[in-house]
Amino acid sequence: MNIYKLLSIVCLFLSFTVCGQSKEWNSLAENNYSIQYPNDWEVNKSGLMNTSFILLSQLTSQTDQFRENVNLIIQNLKGLNIDLDKYVVLSESQVKTMITDGNIISSDRVKNKEFEFQKVIYTGKQGIFELKFEQYYFIHNDKAYVLTLTCEENEFNTYKIIGEKILDSFSIE
């Protein structure tokens, strides 16, 4: 068997293993948005840190101290005359000034079937944790929707596929 066939089989196996970590999905539907998430993730709708929700992964061991998560913050922009371009500039400057060692890795405009949004990936420290974030910024009906995947930096690649599947399931009504 040549090396390319072997690599293809290994990649296919890994994609089934990673993507198949959680077979069943739940939906969270509110008045103006919906999102899907694995059934083994916990939903927190307490409003902690001004979030609309936080979806929390399971801890992976007794020494694991951080639950990777996806959260949504909705900000009212009525009367502020802020479009997506302006919002991106403001948000990126906050990453650099409000996150310890904040470093933007990428910032790209994306268009899905519904909306155009900004996808920003950055790293930074919060307390004892070195984190990596993937954020989607949407502007719709004078509101900013900030959807964030937060992972320990060394766990980001482990959660990237499932995290992006959650992020990509987000829909604004």
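The rules behind these values
Residues numbered from 1 in each chain as written. Predicted model: local features only at pLDDT ≥ 70, side-chain atom pairs only at ≥ 80, totals over all residues. Heavy atoms only, no water. Pairing = 2+ DSSP bridges. Helix = DSSP H or I, 4+ residues; strand = E, 2+ residues; numbered from the N terminus. Axes fitted to C-alpha atoms, helices over the stretch in contact; angles between N-to-C directions. Phe/Tyr/Trp six-rings, centres within 6.5 Å; stacked < 30°, edge-to-face > 60°. Buried < 20%, exposed > 50% of the residue type's maximum accessible area, 1.4 Å probe, protein only. Contact = heavy atoms within 4.5 Å. pLDDT = per-residue confidence, 0-100. Expected span 1.5 Å × (residues − 1). Arc of directions from axis to C-beta. Polar contact = N/O pair within 3.5 Å; in protein donor to acceptor, adjacent residues only side chain to side chain. Bend = angle between axes of the 7 residues up to and from the residue.

## Section: the sheet that holds strand β4 (residues 53-56)
Pairing between the strands of a sheet is mediated by backbone hydrogen bonds and can be parallel or antiparallel.
Now for step 1: An order of β3-β4-β5-β9-β8-β7-β6 is seen for the seven strands of this open sheet, with the pairing classed as antiparallel. For this open sheet the edge positions go to β3 (42-44) and β6 (100-111), each flanked by a neighbour on one side alone. Ignoring which end each strand starts from, the neighbouring axes of this sheet average 20° apart.
Now for step 2: Pairing of strand β8 (residues 129-140) with strand β9 (residues 143-152), which is carried by 10 bridges, proceeds in the antiparallel orientation. Counted as the bridge partner of glutamine 135 is threonine 148 from β9.

## Let's talk about the packing of aromatic side chains
The geometry of two aromatic rings is summed up by the distance between their centres and the angle between their planes.
Now for step 1: Tallied over the full model, the rule gives 12 aromatic pairs.
Now for step 2: Ring geometry for tyrosine 136 against phenylalanine 138: centres 6.4 Å apart, planes inclined by 65°, an arrangement best described as edge-to-face. Across this residue pair, the class does not change: tyrosine 136 and phenylalanine 138 are buried.
Now for step 3: Aromatic ring contacts, followed pair by pair, group Tyr33, Phe53, Phe115, Phe117, Tyr136, Phe138, Tyr145 and Phe170 into a single cluster.

## With respect to the environment of valine 70
Now for step 1: Among the secondary structure elements, valine 70 is positioned in strand β5 (residues 69-76).
Now for step 2: Given a relative accessible area of 0%, valine 70 falls into the buried group.
Now for step 3: As for valine 70 and phenylalanine 53, which are separated by 17 residues in sequence, their C-alpha atoms are 8.2 Å apart.
Now for step 4: If we ignore the near neighbours within four places in the chain, the residues touching valine 70 are Ile35, Trp41, Phe53, Ile54, Leu55, Leu147, Thr148, Leu149, Ile166 and Leu167.

## Digging into the confidence of the model for the protein
Now for step 1: On average, residues of the protein score 89 in pLDDT, and 87% of them are at 70 or above.
Now for step 2: Throughout residues 2-20 the model reports pLDDT below 50, and contacts reaching past four residues in sequence, or to other chains, amount to six contacts.

## Some remarks on the sheet that holds strand β10 (residues 171-172)
Now for step 1: Spatially, three strands are ordered β1-β2-β10 in an open sheet, and the strand pairing comes out antiparallel. The outermost strands of the open sheet, each flanked by one partner alone, are β1 (25-29) and β10.
Now for step 2: With two bridges joining them, strand β2 (residues 33-38) and β10 adopt antiparallel strand pairing. Looking at β10, one finds that serine 34 is bridged to serine 171.
Now for step 3: Contacts between helix α3 (residues 156-169) and the sheet are confined to β1, β2 and β10, with β2 contributing the most and set at about 160° to the helix.

## Let's talk about helix α2 (residues 84-98)
Now for step 1: Spanning 15 residues, α2 covers 20 Å between terminal C-alpha atoms, matching the ideal 21 Å at 1.5 Å per step.
Now for step 2: Of the positions making up α2, those classed as buried are Leu84, Tyr87, Val88, Ser91, Glu92 and Val95. Buried residues of α2, viewed axially, fall in a sector of 125°; they line one side. For α2, the exposed residues lying more than 90 degrees away from the buried face are Val89, Lys96, Thr97 and Met98.
Now for step 3: Buried residues along α2 sit in contact with β5, β6, β7 (116-126), β8 and β9.
Now for step 4: Its side-chain oxygen 3.3 Å from the backbone nitrogen of aspartate 85, aspartate 83 forms the N-cap of α2.

## So, α3
Now for step 1: Between the first and last C-alpha of α3 there are 19 Å, a value that for 14 residues agrees with the 20 Å anticipated at 1.5 Å per step.
Now for step 2: Its maximal kink placed at isoleucine 162, α3 deviates by approximately 35°.
Now for step 3: Listed in full, the buried residues belonging to α3 are Phe156, Tyr159, Ile162, Gly163, Glu164, Ile166, Leu167 and Ser169.

## A closer look at the environment of glutamate 42
Now for step 1: Position of glutamate 42 among the secondary structure elements: in strand β3.
Now for step 2: When the C-alpha atoms of glutamate 42 and asparagine 69 are compared, they prove to be 9.3 Å apart, with 27 residues separating the residues in sequence.
Now for step 3: The residues touching glutamate 42, leaving out its near neighbours within four places in the chain, are Ile54, Leu55, Leu56, Gln58 and Arg67.
Now for step 4: Polar side-chain contacts of glutamate 42 include one of 3.0 Å to the side chain of arginine 67.

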